[in-house]
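Close look at the chain arrangement
Letter by letter, the chains look like this.
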Amino acid sequence: MAAEENLYQPADLESRWQKHWEQQGTFAMGDADSRPKYYVLEMFPYPSGRLHMGHVRNYSIGDVLARFKRARGCAVLHPMGWDAFGLPAENAAIQRGVHPAVWTRSNIEAMRDQLKRLGLSYDWSREVATCDPDYYRWEQDIFLDMLDRGLAYKKGGLLNWCDSCQTTLANEQVENGLCWRCSTTVVQREMEQWYLRITDYAQELLEGLSSLPGWPAAVTSQQETWIGRSVGASIQFELVDAGSIPGVDGPLEVFTTRPDTLYGCTFMSLAPEHPWTRKLAEGTDQQDAVFAFVDRMGTTEKADRVDEKTEKEGVFLGRHAVNPVTGRPIPIYTANFVLADYGTGAVMAVPAHDQRDFEFADKYEIDKVVVIQPDGDALEPAVMTEAWTGQGVLVGSGDHDGLDNEAGKQAIVDELVAKGCGAASVNYRIRDWGISRQRYWGSPIPVIYCDGCGMVPVPRDQLPVVLPEDVEPDGEGGSPLIRHEAFWKVSCPTCGGEARRETDTFDTFMESSWYFLRYCSPHFLGGMVDPQMARSYMPVDQYIGGIEHAVMHLLYARFYTKVLRDLGHLEVDEPFANLLCQGMVCHETYRDEQGWLYPTEIRFETNTEVGPDGKERAVRKAFHKESGHEVTIGRVEKMGKSKHNTVDPEMLMQRYGADTARLFCLFASPPTKDLDWSDSGVEGCYRFLTRVWRLVTGRAAELAGAGSPEGRELSEDAVGLRRRTHQTIARVTDDIERRMQLNTAIAATMELLNNIVAFERDSNGKPRPLEDDDRAVLLEAVQMLLRLLSPFAPHITDELWQALGHDGLLEDEAWPESSADVASSATMSLVIQVKGKKRGVLEVAVDASEEEIKAAALAMPNVQKFVGDAPPRFVKYIPGRLVTIVPGG
RNA sequence: GCCCGGGUAGCCCAACCGGUAGAGGCAGGGGACUUAAAAUCCCCCGAGUGUGGGUUCGAAUCCCACCCCGGGUACCA
């Protein structure tokens, strides 16, 4: 018997269907299509060579949506490509002697193969790889446009430098003072590099966030914080020795959000890096102290400098400025807590009303002047223990005394404007995007430096500037392009003289800032995107990826979109209408004295033990497979190499097949929440598919051609199954379309299977013989089960669909509609509550009137017992749910 | 510190607008099948929702205070 059974063997059938889809072009998308478009996009991967479980989860979510929308009649654009430039390729080259291009391309091959084996419904004809000159040439082209418009510029200054990556980093790419990629402490270096004027778009980037209700608040609020808009005033402070200080011309400018406290400003603080810090001190008797302090700050790590716990310290510069409203001279200091790159790098210090200034003034015995009195309190500088930063009424502020401090802000700004030494002003924390990288494996920056002509853009007809591949990264520091004479030695496009090419390459976030556009017309030769295709497909309707890019990729892509709109390449303001950030994939950790262990090295034992409460409970222990010793089961953490708590998707696919891998990633938790890996949970999903398989293959022959259940006189059980079938259609549809709650959609299909099995079994749990009517109902239920399951587990469902005698693909079947008539039942059960406590259940016809229901509820013996004789205070009917009664008396 | 999430059976999770706390899976127990085991099938057990208050006829859900976990951010003038 067993030998004849048709076993579920995913490996074989999955590759068969994948080939079939590819040959049929099932997921390819033509451009002339009258159906409504739906663009579903998952963040494209860096081609590391192997998928990890986070990828599987990310792409499975997107694939369900793509397949669902296709079934709902949309023209679905669902592309995939490769974020192919970047450091790991160079590191691999240095460590293993493989060229980055070779390494990257073979990784792409391997990962594309893995993606195909997952059965993801991509239109592979749109695949792009960012390291392809046909791709990055358009980035170079747009860069030249930005250069023309002044949106790209080069400047020197202090930059974030990662010594491990041997390159500069943009501000967004420094996380807690560490490199986002390798967690090395970032240091400051004086360098020249290219910038994009993202600050020109700061206000629009901020305002645009409110047009994105489909984005998680966690992301929009992070971007809002990053952009950091502050409203206040810029104020000029004249210097006491104005005009006689070499290198210092004009007043000292500050930005403040508290112009209302200006009368209380008793000193100023400059960042050690402020261009005037040394100049002001030069020649005064403070010179040596100041220079020593600035030097010391220069060698202090930024992370330590900006730690709030670091004591405030500084040095008097030996100079004074004039408070523009009081006319009093105030000392100028340099202070460690003043940031060079925020505002003007100089602050007006109001010790009575700013905690930092308060501490600083305490330490250096600087006057505190109270200019805001809180309601019902009289602040006295001598006895204050901390600054008053709250609201109050202005005092000691000349004509403004008595004003509420909020009104005082405007009043004092008005005074400054009248005096010509200040104005209302808005400041942003975001700074321009530094895009030069001193690395090889990236797109060349298309400019040339000529001694005679200066910086010269590479003429358009010479694009792309192709990254030479006859280069061997050696880890010597600096881009190897510097040592590649054939690359950098060029003649000047303007004068024909000897010139040098730029040898830095673009930040790889440049490529990922517009790849979603290239997918719209991946082979277009006239520009980065065919405007007509951009019009057809943009914006992305649903973008799916990790939240780690909240202020890197997602901000840059929004910026790029606005720039490209202004350059006439597209018409949308925002690239991604809806964003879903999937949760992390987590796994238990295991360790022994030697360190972390991989799950594959562990064997488990479960025993029941009697706990201290006398109850029996299961106790799970972990043992090292090889040595047999017990190992510690640690906490559940994000899967990662460092903790060894990874599960390889490849193993999973080989053992259970792609359908199970997909199903588990979607079933174990809702898409936006973290997913705890569980081997037994995977087994459960496999078991579910096996049950579906056995059910359908066991009944296929007799079900094929069983006909429709419509218009038949059905048994009660059959009506019940039809009802569950149609209820399930409605639930799964709603769970995917409106709620994006894929775990409960799958649970609903599991429930339907349970109902189907209960229907087709006899009292001994064996398949029972079926009448015609039952066969029709069963066929409908089974077909709906397959159709509903197909976005999640596309291979097995196609196979079983065929087994039921269908020639076409399930992918070509429309999504089913739930019939409200069939889904509803004739009666409903209502809970009857008395004073909020459940006292009975009433079975009534669904069309019973409210009066009938209330009367029936009150008539129930158990209800009467609790209601008593007095007329009830009130009786309320919650339709379809319950009747609640409050007794009178 | 501040800003987001999250705390529901032994575990992962449901409960959508305030209306019967349980859909689904795992684990556990029992039974059927088997020489036996695995697989399979059937049945069963199980929490009162982190804590303390409040609103309500009724709270996992709303309000207040607090605890724990995860993420982000942190001298931003």
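Structure shown above.
Not measured: the values here are computed from a predicted model.

What counts and what doesn't
- Residues numbered from 1 in each chain as written.
- Chains lettered and ligands numbered in written order.
- Predicted model: local features only at pLDDT ≥ 70, side-chain atom pairs only at ≥ 80, totals over all residues.
- Heavy atoms only, no water.
- Helix = DSSP H or I, 4+ residues; strand = E, 2+ residues; numbered from the N terminus.
- Buried < 20%, exposed > 50% of the residue type's maximum accessible area, 1.4 Å probe, protein only.
- Areas by Shrake-Rupley, 256 points an atom, 1.4 Å probe, with all protein chains shown as cover.
- Lys, Arg positive; Asp, Glu negative; His and termini not counted.
- Charge placed at Lys NZ, Arg CZ, Asp CG, Glu CD.
- Near = heavy atom within 4 Å.
- Polar contact = N/O pair within 3.5 Å; in protein donor to acceptor, adjacent residues only side chain to side chain.
- Pairing = 2+ DSSP bridges.
- Axes fitted to C-alpha atoms, helices over the stretch in contact; angles between N-to-C directions.
- Parallel < 35°, antiparallel > 145°, perpendicular 65-115°, else oblique.
- Left-handed = near helix turned anticlockwise from the far one by under 90°.
- Contact = heavy atoms within 4.5 Å.
- Nonpolar A, V, L, I, M, F, W, Y, C, P; charged D, E, K, R; others polar.
- Expected span 1.5 Å × (residues − 1).
- Arc of directions from axis to C-beta.
- Salt bridge = Lys/Arg side-chain N within 4 Å of Asp/Glu carboxyl O.

1. Examining the overall build of chain A
Scanning chain A for helices and strands turns up 26 helices and 35 strands. Taken along its principal axes, the extent of the C-alpha atoms in chain A is 105 × 90 × 65 Å. Of all 889 residues assigned to chain A, the portion counted as buried reaches 53%. Surface summary for chain A: the accessible area is close to 39600 Å², and the carbon and sulfur share equals 48%. Measuring between centres, the 92 positive side-chain charges of chain A sit 4 Å from its 132 negative side-chain charges.

2. Quick notes on the protein's contact with RNA strand B
Taken together, 58 residues sit near RNA strand B, with T257, Y342, P670, R738 and E751 positioned nearest. Note that a base nitrogen of RNA strand B is positioned 2.9 Å from one of the backbone N or O atoms of L339. Mapped onto the surface near RNA strand B, the elements with two or more residues apiece are α7 (217–227), β9 (252–256), α19 (679–703), α21 (742–760), β32 (827–834), β34 (874–878) and β35 (882–886). Take the surface near RNA strand B: its biggest share by element is seven residues, from α21.

3. Describing unusual backbone geometry
Geometrically, the link from L463 to P464 is a cis peptide bond, its omega value of 0° lying close to zero. In this fold, P464 is placed in the loop between β20 (454–457) and α13 (485–488). Omega for the peptide link from M538 to P539 comes to 0°, which places this bond in the cis form. Position of P539 relative to the elements: it lies in the loop between α15 (531–537) and β24 (542–545). Despite not being glycine, S183 has its phi angle at roughly 65°, a positive value. The residue S183 is located in the loop between β6 (178–179) and β7 (186–196) in this model. Positive phi values are uncommon outside glycine, yet K835 reaches one of about 50°. Structurally, K835 can be placed in the loop between β32 and β33 (837–845).

4. As for the sheet that holds β32
Pairing within the open sheet is mixed, and its four strands lie in the order β33-β32-β35-β34. One side of each edge strand has no neighbouring strand; the edge strands of this open sheet are β33 and β34. Each strand axis lies, on average, 20° off the axis of its neighbour in the sheet, ignoring direction. Across four bridges, β32 lies against β35 in parallel orientation. Residue pairing for β35: V834 is matched across the bridge by I885.

5. A word on the packing of helix α20 (residues 716–737) against helix α22 (residues 772–789)
Contact geometry of α20 with α22 gives a least axis separation of 10 Å together with a crossing angle of 15°. Overall, the two elements α20 and α22 adopt an arrangement that is roughly parallel. Between α20 and α22 lies a crossing of left-handed hand. In this structure, α20 uses A718, L721, R722, T725, H726, T728, I729 and V732 to contact α22, whose residues at the interface are D774, V777, L778, E780, A781, M784 and L788. By residue class, the composition of the contact of α20 with α22 is nine nonpolar, three polar and three charged.

6. Some thoughts on the sheet that holds strand β12 (residues 329–335)
Strands sit in the order β11-β12-β10-β13 across an open sheet of four strands; the sheet is mixed. Only two strands of the sheet have a single partner each, and these edge strands are β11 (314–322) and β13 (346–349). Shown here is a sheet whose adjacent strand axes are inclined to one another by a mean of 25°, direction ignored. Sheet analysis places β11 next to β12, joined by six bridges and oriented antiparallel. Residue pairing in the sheet places F316 in a bridge with Y333 of β12. Its contacts with the sheet place helix α11 (residues 355–364) against β10 (267–270), β11, β12 and β13, and it is angled at close to 100° to β12.

7. Focus: helix α1 (residues 10–24)
With 15 residues, α1 extends 21 Å between its outermost C-alpha atoms, agreeing within 8% with the 21 Å of an ideal straight helix rising 1.5 Å per residue. For α1, the set of buried residues is P10, L13, E14, W17, Q18 and W21. Summarising the axial view, the buried residues of α1 lie within an arc of 135°, below the 170-degree limit, and thus occupy one face. Opposite the packed face of α1, turned more than 90 degrees from it, sit the exposed residues A11, K19, E22 and Q23.

8. Focus on the pattern of salt bridges
Per the counting criterion, the structure on display carries 58 salt bridges. The closest approach of N and O atoms between E817 and R72, which form a salt bridge, is 3.8 Å. Residue E817 is located in the loop between α23 (794–803) and α24 (820–823), and its partner R72 is located in the loop between α2 (53–71) and β2 (75–77); the two are separated by 745 residues in the primary sequence. Connected through shared salt-bridge partners, E204, R558, K562, R565, D566, D573 and E574 make up one network.

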